[in-house]
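# Architecture and fold: a report
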Amino acid sequence: MALSHVWEIRSPEGGAKGLEFARAEMDAIHRTVLVHAAPTAMEIVVTADGVVVAGAEDLRDDAHSTPMSRLRLDGARITRENVWPSADDVGLPVILPGGEVGILLAWSNTSDGSEWTWRVEFHNHA
């Protein structure tokens, strides 16, 4: 079985100790992922077999919010970039609120960001 990573994403801004946004598991080969409708601030822990491999605290949204955030694993560090996905992002995993993970198949948006269309594929096996 391939090594997998569990991405735990929390918002520190809800409740007394924050709120879980998503807990998603995917193949460890994915070093870059997209997050749809990410919280303004995120705390992230990535584990493999229960061992922490990367983390980040207080990854904040910038002034111009977008529907997607691109997260990159860079060693034990995680970076955040708020993006309008491009052709380069097609094929990346997308973490949805709650933790479901799909693969981005297509993305397009208007130049003013008022409208977008996207396709995501979900695949599960037992």
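This is a predicted model, so every value here is computed, not measured.

About the cut-offs
- Residues numbered from 1 in each chain as written.
- Predicted model: local features only at pLDDT ≥ 70, side-chain atom pairs only at ≥ 80, totals over all residues.
- Heavy atoms only, no water.
- Helix = DSSP H or I, 4+ residues; strand = E, 2+ residues; numbered from the N terminus.
- Buried < 20%, exposed > 50% of the residue type's maximum accessible area, 1.4 Å probe, protein only.
- Contact = heavy atoms within 4.5 Å.
- Salt bridge = Lys/Arg side-chain N within 4 Å of Asp/Glu carboxyl O.
- Core = buried A, V, L, I, M, F, W, Y, C linked by side-chain atoms within 4.5 Å.
- Phe/Tyr/Trp six-rings, centres within 6.5 Å; stacked < 30°, edge-to-face > 60°.
- Pairing = 2+ DSSP bridges.

## So, the overall build of the protein chain
Broken down by element type, the protein chain carries 0 helices and 10 strands. Expressed along its principal axes, the backbone C-alpha trace of the protein chain runs to roughly 40 × 35 × 25 Å. In the protein chain, buried positions account for 42% of the 126 residues. Intrachain contacts of the protein chain at a sequence separation of at least 6 include 46% that bridge at least 24 residues.

## A few points about unusual backbone geometry
A positive phi angle, near 55°, is found at Asp49, a position not held by glycine. Residue Asp58 is not a glycine yet carries a positive backbone phi of 55°. Within the element layout of this structure, Asp58 appears in strand β5 (residues 51-60). Here Asp58 falls in the partly exposed class, since its relative accessible area comes to 43%.

## A look at the pattern of salt bridges
This model, assessed by the stated rule, comprises 7 salt bridges. Residues Asp58 and Arg60 are paired through a salt bridge, measuring 2.8 Å at the closest nitrogen-oxygen approach. In the salt-bridge network here, residues are joined through shared partners; they are Arg70, Arg72, Glu81 and Asp89.

## Focus: the nonpolar core
Among the nonpolar cores identified, the biggest contains 20 residues, and Trp7, Ile9, Ile44, Leu71, Ile78 and Ile95 are the most heavily contacted of them. Looking at this core element by element, the count peaks at 4 residues for strand β2 (residues 19-27). Leu34, Met68, Leu96 and Leu104 belong to the second largest nonpolar core, which has 8 residues in total.

## A short note on the environment of Met26
Here Met26 lies in strand β2. Here the alpha-carbon distance between Met26 and Gly102, two residues 76 residues apart in the chain, equals 9.8 Å. Dropping the residues within four chain positions of it, Met26 is found in contact with Ser4, His5, Trp7, Val33, Pro93, Ile95 and Val101.

## Description of the environment of Ile103
Locating Ile103 in the fold gives a position in strand β9 (residues 101-109). Sequence separation of Ile103 and Val90 is 13 residues, and the distance between their C-alpha atoms is 7.8 Å. Contact partners of Ile103, with chain neighbours within four places excluded, come to Gly91, Leu92, Pro93, Arg119, Val120 and Glu121.

## Considerations on the packing of aromatic side chains
In this structure the tally under the stated criterion is 4 aromatic pairs. Ring geometry for Trp84 against Trp116: centres 5.4 Å apart, planes inclined by 65°, an arrangement best described as edge-to-face. Placement of Trp84 in the loop between β7 (77-83) and β8 (93-95) and of Trp116 in strand β10 (residues 116-121) is noted, with a sequence separation of 32 residues between them. Overall, the relative accessible area of 34% leaves Trp116 in the partly exposed class. Among the aromatic residues, ring-to-ring pairing joins Trp84, Trp107, Trp116 and Trp118 into one connected group.

## Quick look at the pairing of β9
Note: β8 against β9, 3 bridges, orientation antiparallel. The residue bridging Ile95 from the neighbouring strand is Val101, located in β9. In this structure, the hairpin formed by β8 and β9 is closed by a connection of 5 residues, where Gly98 is found at a positive phi of approximately 100°. Pairing between β9 and β10: 6 bridges, direction antiparallel. Bridged to Ser108 within β10 is Thr117.

Remember that the coordinates give geometry; whether it matters functionally is a separate question.
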